[in-house]
Every structure is written in C-alpha cells, then in structure tokens.
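The lines below spell out each chain.
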Amino acid sequence: MSAPSIPNLLSLRGPRGGSRGRGRGRGGHSHSAAPNHDSIIQGTDTDAAVSRMSAVELGYLQDPFAQYFVQNSVGGAVRRLPIINRGTYTRTAALDRLISSFLSSTATRERQIISLGAGTDTRCFKLFSEPNQAGLIYHEIDFPTISTKKLQLVNANPQLRSIISNPQPESSNWSSTSLQNGCQYWCHGLDLRDLLKEDVKSLRGLRTDIPTVLVSECCLCYLQTSEAQGIIKYFTDKIPDLAIVIYEPIHPDDSFGKQMVSNLAARQIRMPTLDTYQDSAKQQARLKEAGFDLVKSLTIGDIWRRWIAEEERERVDSLEGLDEVEEWNLLADHYIVAWGWRGSGFRDWETDLR
C-alpha cells in the first residue's frame, strides 16, 4: 500500500536521479544478506515520502497528508526529476484505481485491505478521510521501528490524529478501532518473515470472512522467492475472498535491466524475486500458482497509455514537460502492476479494468 513514486526509476538513473523513490520493501530480506540490509531497505521509506511530496507540491497528486511524513526527517523540500514525478503519479493512479474499484464493488458490506511493507504510506489517511467511507478495515504491516515511527507521527500531528483517532499502542503494534462508520485501522510492527514461523500469533483484527485486498508495492521483491510465496500463502490459506496487487520491476536480463540490477547492487540492494518473475507472463503465473482464479497485469507504460485519460495526460504533461520521452517509455515498461483475485467482491475488476 507501500507504497508509494516508481522507486527504482531513481536507482536506474544512478547519480542523476538521486536516491530511490517509493521503496516499499520494508518487509525483510534473506537472513544470509549483509546484517544492515534490513536497515538499508527501511531507509528507502524516507525517499518514498520525499518523492510523494515532490509530486504533490508540483500538482501531480492531491495528498494533504504527505507533508506530515517529510518534515521531521528531511530538511526542506526536494524536487524530483520530471520523469520520477510522472512515475510517482502513474503508479499511484494505478493503485488508486484498483482499490477504488474494489471499494465500489463492496460498498454495502465490510471489506479489508492489507498493505505489506506500508512504511509512511498515506493511503489509509486518504481513504478514512472520505466522509462516506464505511466498513473498511485497514491493516498495515512493517518492521517495528517503522510502525512505532508512524504512531509517533500520528500522535504529534492533530491533522493525522483527527483521521485515525485515539490510537491504542500494544507493544510494537497499535490500532484505532472506533473510526467513523465502522471503520478500523490496525498497524502491525512485524517482520513479514515472522509470518512463516510455526509459532506466529494471529494478526490482531484480521478478518477472514470478508473480501480482502493484499497490497505489495515493491515489498515482496526484497524477499527470497520461497519467503514471498510463503507470505502470500499465509493469507490465501485463511481468506477465501481474496485479491492481491503487486507492483515490481521486470525484465532484469535486457541491457536496461542489467543496469538496473547493477545500480541496485551498488546500494547493497537485491531483489531475489526479480530473477524468478522476470516478465508479465511469469508474474501472472505466480498468482495463478498461488491460488488466484483470475489474473491480469499491465506495465506502468501500459497504465499511462490506457488508464490515464488523454485530457489528464495533457494536464500532467503541462506541469513540467518531459523531454526524455524515450527514456520514460523504457523505464515505465520495466515495471509492472499485476493483480489476481478469487471469490466475491471483485466484480468491477472483471469489467472495468482492461
């Protein structure tokens, strides 16, 4: 949920692009990696907040909550390159459309969203600030340090606390279960790999009897393939009416992809699942194998061309202009949004998302 710019576009560009954008992979990494790898991945969350704020300040996105996640950790506003801002916009628009469609399909019933590696993602605040939002149960899972930081930010900002009110801490977890119209928020301070342990406790507040969307925005890709599969299985084993949305890079073996992998490696970042799910066909196959009946995928380039209306594309173009059109097309076609679903609650995904 993240979430959360196209993070790796920045990495691909090396020094010209600065640090990574929306790195949503605070979910963990192989225990055989360097001891500080978790810290490196967690640190991308600051870059995520900066990229989101850049897109907001320049008019790409409307997000009144973005400012609260940059002021305490970043000195002054940072303006990202136009190609990064467009990536942030397109990726956010894609996830917004999928989630909005899900919420419309389940408007008369309770429903649930689970965001893996959520970091400082603001989507929960935006959704809960909608006056007609009802029956939404929203979970975020991230490392305990990230969860604790988010609680501190909420407590320190009346604007955030007015949306997620009366937060109740419990160890590294916290929740607010008396929101408007029966909504609930649960924040779990948890290394995702702990879900694979035999003695893992059930996630507090998790409902298994309502339609649920599981969101991984550049999160599962930092895990070993078996770990990523196991985490998805944790939820597929429990929730019959389930969907998943995954945002990840693809095509690591062409010349551009090799440069991508090299640039990430220079920052001590590795994405093990990128070697396994290298293209759209393999991304869709992984979801089929995980038990989802229907699967689809689009690259970020496809989404820009097909999901963003012409008038809106013209508006975005007018904000800064984009001289690097060829580079944009190359970058955007190396990132994919794949989604799959089974059970009830996803009617509009079959008809509206083409």
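As shown above, the structure is provided for reference.
Residues numbered from 1 in each chain as written. Predicted model: local features only at pLDDT ≥ 70, side-chain atom pairs only at ≥ 80, totals over all residues. Heavy atoms only, no water.

Enquirer: Just to check I follow, could you spell out the packing of aromatic side chains for this structure?
Expert: Geometrically, a pair of aromatic rings is defined through the distance of the ring centres and the angle of the planes. Summed over all chains, the structure comprises 12 aromatic pairs. Ring geometry for Phe69 and Phe125: centres 5.8 Å apart, planes at 50°, overall tilted. Of this pair, Phe69 sits in the loop between helix 2 (37-57) and helix 3 (82-105) while Phe125 is found in helix 4 (residues 123-128), placing the two residues 56 residues apart along the sequence. Considered together, Phe69 and Phe125 belong to a single accessibility category, that of buried residues. Between Phe128 and Tyr138, the aromatic rings sit 6.2 Å apart at their centres with planes inclined by 65°, giving edge-to-face as the arrangement. Remark: Tyr138 occurs in strand 2 (residues 136-142) and Phe128 occurs in helix 4; sequence separation between them is 10 residues. Like Phe128, the residue Tyr138 is buried in the burial classification. (Phe/Tyr/Trp six-rings, centres within 6.5 Å; stacked < 30°, edge-to-face > 60°. Helix = DSSP H or I, 4+ residues; strand = E, 2+ residues; numbered from the N terminus. Buried < 20%, exposed > 50% of the residue type's maximum accessible area, 1.4 Å probe, protein only.)

Enquirer: Which parts of the structure should I look at to understand the nonpolar core?
Expert: A general trend in soluble globular proteins is that nonpolar side chains are found buried together. Counting 72 residues, the largest nonpolar core has Ile113, Phe125, Phe128, Tyr185, Val337, Trp339 and Trp349 as its most contacted members. The element contributing the most residues to this core is helix 3, with 10 residues. Residue contacts for Tyr185: discarding those within four places in its chain leaves Cys124, Phe128, Tyr138, Glu140, Lys150, Ile164, Trp174, Ser175, Ser176 and Leu179. Counting residues in hydrophobic clusters, the runner-up holds 25 residues, among them Ile114, Leu116, Ile239 and Phe292. (Core = buried A, V, L, I, M, F, W, Y, C linked by side-chain atoms within 4.5 Å. Contact = heavy atoms within 4.5 Å.)

Enquirer: Explain the packing of helix 3 against helix 11 (residues 310-320) here, please?
Expert: Following both chains from N to C, one finds helix 3 and helix 11 inclined at 150°, their axes separated by 10 Å at the closest point. One way to sum up the angle between helix 3 and helix 11 is to call them roughly antiparallel. The hand of the helix 3/helix 11 crossing is right-handed. Together, Pro82, Asn85, Arg86 and Tyr89 of helix 3 and Glu312, Arg315, Val316, Asp317 and Glu320 of helix 11 make up the contact between the two elements. When grouped by side-chain class, the residues that make up the contact of helix 3 with helix 11 number 3 nonpolar, 1 polar and 5 charged. (Axes fitted to C-alpha atoms, helices over the stretch in contact; angles between N-to-C directions. Parallel < 35°, antiparallel > 145°, perpendicular 65-115°, else oblique. Left-handed = near helix turned anticlockwise from the far one by under 90°. Nonpolar A, V, L, I, M, F, W, Y, C, P; charged D, E, K, R; others polar.)

Enquirer: Got a minute to help me understand the pattern of salt bridges in this structure?
Expert: Any two side chains of opposite charge can pair, on the condition that their charged atoms come close. Under the counting rule described, the total for this entry stands at 19 salt bridges. Among the ionic pairs, Asp302 bridges to Arg305, the shortest N-O distance being 3.1 Å. Taken together, the residues span about one helical turn, with Asp302 and Arg305 both in helix 10 (residues 300-306) at a distance of 3 residues. The closest approach of N and O atoms between Arg315 and Glu312, which form a salt bridge, is 2.9 Å. Placement of the pair is Arg315 and Glu312 together in helix 11, with a separation of 3 residues, close to one helical turn. Judged by relative accessible area, Glu312 falls into the partly exposed class, the value being 24%. (Salt bridge = Lys/Arg side-chain N within 4 Å of Asp/Glu carboxyl O.)

The values reported here are purely geometric and, on their own, carry no functional implication.
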